[in-house]
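Listed here are the chains, written in short residue letters.
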Amino acid sequence: MIRLITFEGGDGTGKTTQVRALEEYLQQQQRPCLVTREPGGTAPGKLIRKVLLEVGDNEVASSTELFLYLADRSQHVHETILPAINAGKIVLCDRFTDSTLAYQGYGRGIDLKWLRQLNDAASGSVRPDLTFLLDCPVDIGLARTVRRQAEAVNGRVREDRFEREKIEFHEKVRAGFLELAQNEPLRFRVIDAAKPVEVTAVEIRRIIDKELVA
Ligand code: TMP
């Protein structure tokens, strides 16, 4: 049974748009669902998100960053995800445990085995039933992010910490996500996110139709 669907991928791959499109699709089918995200899916999580994304370069150690993401997740699972699942909803989550493996593990070089243990501790071993990995070349994703922010802040481009990271870092994250998907083909669906938004949305709906019937 599908209860938790996660959307993963690098920055600017269009996860948030696709989560909203799927929410609309499920609502049309009268399927109760809840959209949420990490970091920032709860009130304490919003404060954590602010710290994580706004502090300057080199101001937080990799381990501090990691524990902040885990603290956000722990609160999020207990306050938002589990209650929604228990109420019979399908939870659509924009980033979850795989982001920690891809960014802190493959990106920052923190031991993957240890990260899996920490992910389990923070999530109470809640695991996604289905994960869409939105994949596109790093330069396309980053260009989209800069464009989106320029639109959001009246033409002034404001980048957050992760977007200031070197291309190399984002390449490692992308390769990491693809490796995670390859290792768990039953859970992951890799979606070509370089295609137009509507084409990607149709592909996701097609997969959902199959999975929800199965
Ligand atoms: P978002 O803007 O796509 O929600 O993502 C916020 C940033 O946080 C994004 O660059 C990825 C990063 N991130 C991690 O590094 N580790 C994590 O565990 C999560 C959930 C996000």
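The coordinates are above.
Residues numbered from 1 in each chain as written. Predicted model: local features only at pLDDT ≥ 70, side-chain atom pairs only at ≥ 80, totals over all residues. Heavy atoms only, no water.

Draft legend 1. Molecular detail of the site of the ligand. Close to the ligand lie 14 residues; D11, Y69, R95, T100 and Q104 are nearest. A distance of 2.9 Å separates an oxygen atom of the ligand from a polar side-chain atom of D11. Within the side chain of K15, one N or O atom sits 3.1 Å away from an oxygen atom of the ligand. In the complex, the protein chains occlude 93% of the 480 Å² of accessible area that the ligand would expose alone. Contributions of two or more residues to the shell around the ligand are made by α2 (43-54), α3 (62-86) and α4 (97-107). By residue number, the principal contributor to the shell around the ligand is α4, which donates four residues. A class-by-class count of the residues in the shell around the ligand yields five nonpolar, three polar and six charged. (Near = heavy atom within 4 Å. Polar contact = N/O pair within 3.5 Å; in protein donor to acceptor, adjacent residues only side chain to side chain. Areas by Shrake-Rupley, 256 points an atom, 1.4 Å probe, with all protein chains shown as cover. Helix = DSSP H or I, 4+ residues; strand = E, 2+ residues; numbered from the N terminus. Nonpolar A, V, L, I, M, F, W, Y, C, P; charged D, E, K, R; others polar.)

Draft legend 2. Fine view of helix α8 (residues 167-183). The terminal C-alpha atoms of α8 lie 24 Å apart, and with 17 residues this matches the ideal 24 Å at 1.5 Å per residue to within 8%. Looking at α8, one finds that the buried residues are F169, H170, V173, G176, F177, L180 and A181. Seen along its axis, α8 keeps its buried residues to an arc of 135 degrees; they face one direction. Along α8, exposed side chains directed more than 90 degrees from the buried face belong to E168, Q182 and N183. (Expected span 1.5 Å × (residues − 1). Buried < 20%, exposed > 50% of the residue type's maximum accessible area, 1.4 Å probe, protein only. Arc of directions from axis to C-beta.)

Draft legend 3. Region of interest: the environment of A43. Looking at the secondary structure, you find A43 in helix α2. Along the primary structure A43 and D72 are separated by 29 residues, whereas in three dimensions their C-alpha atoms are 9.7 Å apart.

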